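# Coordinate analysis (summary)
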Amino acid sequence: MSRLPVTGVGAVASIGRDPGEIFAALCAGRDGRHPLRGFNRDWYNADCLYEVDDRPAPQTDTVGRATALLLDAVGQAARDAGLGDDLSDVPILVGTGLRELRSLELWWRDGRPFGAERMHFGTALRERFGALDTHTISNACSASLYALALAVNLLELQEADMVIVAGVDVITESMFGLSDRLQFDPPDRLRPFDRDRKGTVMGEGAGAIVLRRKAPADRGAVHGWVRGVAVNCDAFHATAPDPHGIAAAVRQAHDQAGVKAEDIGLVMLHGTGTQLNDAAEATALSDVYGPHIGSPLMTGMKSMTGHTSGASGVLGLLVALRAMGQGVVPPITGLDNPAAEVAGFRIVRDTPVEEQVDLAQIDAFGFGGINAVAVVEAGR
Amino acid sequence: MSTATTEAAAVRTAGGTVTAVTGVGLAVPGARTPQELLAARPDGAAAVDPAARLGKKGLRYKDRATQLALCCADEALRDAGLLGDDGLTVPGESVAVLIASNYGNVDTVCAIVEMIAAEGTAGGLSPMDVPNASSNVIASTLAVKYGLRGPNLMLCNGPTSGLDAVRWAATLIRSGRADRALVLGVEPDNRAVRRLTGADRLVDGAAAVVVERLGCGPARGVAERALVGATARTAGVRACLDRLGADAPAVWFGPGDGTDPADGTPLPGVPRYDLTGEWGESSAALGVLQCAGAVGWFAAGGGGPVYAVAGRDGDDATAGLVLRAPDAVR
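Scoring rules and cut-offs
Residues numbered from 1 in each chain as written. Chains lettered and ligands numbered in written order. Predicted model: local features only at pLDDT ≥ 70, side-chain atom pairs only at ≥ 80, totals over all residues. Heavy atoms only, no water. Helix = DSSP H or I, 4+ residues; strand = E, 2+ residues; numbered from the N terminus. Rg over C-alpha atoms; globule rule 2.2 N^0.38 Å. Contact = heavy atoms within 4.5 Å. Areas by Shrake-Rupley, 256 points an atom, 1.4 Å probe, with all protein chains shown as cover. Lys, Arg positive; Asp, Glu negative; His and termini not counted. Charge placed at Lys NZ, Arg CZ, Asp CG, Glu CD. Buried area = accessible area lost by both parts, 1.4 Å probe. Salt bridge = Lys/Arg side-chain N within 4 Å of Asp/Glu carboxyl O. Buried < 20%, exposed > 50% of the residue type's maximum accessible area, 1.4 Å probe, protein only. Domains from an automatic or database assignment. Nonpolar A, V, L, I, M, F, W, Y, C, P; charged D, E, K, R; others polar. Axes fitted to C-alpha atoms, helices over the stretch in contact; angles between N-to-C directions. Parallel < 35°, antiparallel > 145°, perpendicular 65-115°, else oblique. Phe/Tyr/Trp six-rings, centres within 6.5 Å; stacked < 30°, edge-to-face > 60°.

## With respect to the overall build of chain A
Scanning chain A from terminus to terminus reveals 10 helices and 15 strands. Here the C-alpha radius of gyration of chain A, 19 Å, is about what a compact globule of 380 residues would show, namely 21 Å. Taken over the C-alpha atoms alone, chain A extends approximately 55 × 50 × 40 Å along its principal axes. Taking all contacts inside chain A whose residues are at least 6 apart in sequence as the whole, residues at least 24 apart take part in 77%. Summing over all exposed atoms, chain A offers an accessible surface of approximately 11,700 Å²; the carbon and sulfur share of this is 48%. Across chain A, 34 positive and 48 negative side-chain charges occur, with their mean positions spaced 2 Å apart.

## Describing the interface of chain A and chain B
Counting residues at the interface gives 66 residues for chain A, matched by 68 residues for chain B. Between chain A and chain B lies a buried interface of about 5,700 Å² when both sides are counted; carbon and sulfur atoms form 61% of it. At the boundary of chain A with chain B, the tally comes to 3 salt bridges. One salt bridge in this structure joins R233 of chain B and D133 of chain A, with 3.4 Å as the shortest N-O distance.

## As for the pattern of salt bridges
Residue and element names in this part refer to chain A. Within this structure, the stated rule accounts for 42 salt bridges over all chains. D54 is the partner of R65 in a salt bridge, and the nearest nitrogen-oxygen pair spans 2.7 Å. Separated by 11 residues along the polypeptide, R65 in helix α2 (residues 65-80) and D54 in the loop between β3 (48-49) and α2 bring together distant segments of the chain. Looking at R65, the relative accessible area reads 4%, which means it is buried. A cluster of three or more residues bridged by salt bridges with shared partners is formed by E51, R55, D61, R102, E105, R109, D110 and E173.

## Details of the domain arrangement of chain B
Residues and elements named next belong to chain B. When cut into domains, chain B gives domain 1 (19-219) and domain 2 (226-324). Here the C-alpha centroids of domain 1 and domain 2 sit 22 Å apart. With 46 residues of domain 1 at the contact, the number on the domain 2 side is 40 residues. Roughly 3,100 Å² is buried in total at the junction of domain 1 and domain 2, and carbon and sulfur atoms are behind 71% of that figure. Among the residues of domain 1 in contact with domain 2, L38, P159 and L163 are the three that bury the most area, contributing 23% of the side total. Put simply, domain 1 and domain 2 have 1 salt bridge between them. Among the salt bridges present, the one from R233 reaches D164, with a minimum N-O distance of 3.0 Å. For the side of domain 1 that touches domain 2, the elements supplying multiple residues, two or more each, are β1 (19-27), α7 (161-174), β6 (180-187) and β7 (205-213). A breakdown of the residues in the side of domain 1 that touches domain 2 according to their chemical character gives 29 nonpolar, 11 polar and 6 charged.

## Brief notes about the packing of helix α5 (residues 143-156) of chain A against helix α10 (residues 312-326) of chain A
Residues and elements named next belong to chain A. Running from amino to carboxyl end, α5 crosses α10 at an angle of 75 degrees, the nearest separation of the two axes being 5 Å. Accordingly, the angle class assigned to the pair α5 and α10 is roughly perpendicular. Within the contact between the two elements, α5 uses S144, L145 and L148 and α10 uses S312, G313, V314 and L317. For the contact of α5 with α10, the residue count by class is 4 nonpolar, 3 polar and no charged.

## Digging into the packing of aromatic side chains
All names here are of chain A. Per the counting criterion, the structure on display carries 6 aromatic pairs over all chains. Ring centres 5.4 Å apart and planes at 25 degrees place the aromatic pair F39 and F176 in the stacked group. Taken together, the residues span a long stretch of sequence, with F39 in the loop between β2 (34-35) and β3 and F176 in helix α6 (residues 173-182) at a distance of 137 residues. Neither F39 nor F176 differs from the other in exposure class; each is buried. Where W107 meets W108, the ring centres are 5.8 Å apart and the plane angle is 45 degrees; that geometry is what we call tilted. Overall, the relative accessible area of 10% leaves W107 in the buried class. A residue is classified by how much of its surface remains accessible, and W108, at 9% relative accessible area, is buried. Members of the aromatic cluster, joined through ring pairs, are F39, Y44 and F176.

Encoded structure:
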């Protein structure tokens, strides 16, 4: 069992430009929904996404947006940890679902300048931070917690003293187009665990943390502690999740952290708002928590950020750390009629709940049944 | 993290090798065995035909990269004695999957946006393309097909991806997350990828190695074919070769960059295999092809150590890996 300190954090999403802004928006119930900012609105049934507003003009798209969000989040985390701009000795592990595929689309269809060397993030991380040990891990919606699992291994095996773990995604038109093809009656918003949920809505964002092997002398600089991360694969279906695989990952995360289900005070749900995910996640949690299913507070951020794919895990982790630090847990919005499968769950709805939490679990599940679950401890 | 820590870690890995290659699979036009990777590419080598190797069942709607990966994975798992006629011979939870591919779904993504723009709607898209639009489709397809429930990783990390995948496989095994890993690199050849890379020919193939905790293979009656040693990641080929070690290699795989101005070669007197030059632009598949090539070298009686190096001087990084002969002193 390890206890690895988080000494720097950074994030950007549709609802805020840093972790503080994002957390304040979540507590205020403010979401980042907006009519399509970059795609041609005439081509699609759906007209809403949770995009980061960083384009030069409406309906004008640019290459390199995912890279820019990533550099922003990594830079914030490095500054927060007092590292500066030279990260040549720090491994940087980036989880992402869609890489720079949006730039690939603009290059192929519209002739925008883009090169193969920018499909992965190492090129930009080298240019900006001098980083050499960089890894782009394309593990769909569990990518950034998968990256965290590898980072924990590097630190435990003493192959590094410090690792930066990040997650990033911007929406590709190919993935949005496919979801538009499948969602005949597109959801106007993302409503996790609501009886009337109509599916997921994509979002954009990036998050980063600096994780160390040893605690710094200044304990005030520790945002929290990573206690364990489990990763596995359902080996069940290309897109549909399997409650058995999810439950196995949750149990393994608790084992690695040396905790029991009843010790967990907060669960950051994956909660994508699809029938399949929400049912599988609720079934798995009921299985693992058993009689303690009503014990932890449960929340999620996707009702306000949209589904940020590869960034979602690390963003959830940042929110969990801040919630524990401030003693306030933000709500899920738009959850008017909880689905039957979450009966008995202590889901935070509509308004924040003040409660002291010491241990949190963060869920992240991806296409292909790839599951990652982390357990983190408050920085106190 | 200081550089000293990195070097200490590298030396420790070399001194305490804990993983070995116990199986190889190839789906490369013109090379059926690891030894054949070390020969010249035969003229007119026919493209890999997944349906001929695996039958048509299960290939429908799979993209070219996934089809190539399926051929190759099947061969590697059987070669390592992990797959028999009744399925896996070890618990699925003990097997990790690490796939290296930069361009696997480039054709799908480009075709979709082209079609939406041409038709002015997404209504004509095929729902069967949904899995293919996700970059990790290769890794999850292999997991579903063979019941591989361990950590499942898709590395899209540029030219070093294949060697990075081998390194992470060793890390997952050392950390106890898995006992063995299927490590596979694949790149397809198509119009979009040629235009993106500027290459006139992609490998249009796949290579796989099974990396396993030492002793696990022999316990099943399967020989260890190469030992996985130290790794390095540096700026450029010269620094990588310097970092990889004190032992001069018997042979090395890699680009010809990093030449010593005095004698005009990166490693004087050491033979070098340039697999990209021979088999076509291999990108993420290169590092795994190199490991397969090293297995071929040892099988033909060659000595070690063997260095594998991917990522040229102009790339964002160069990765290196030391492979030792299976009978090397541990």
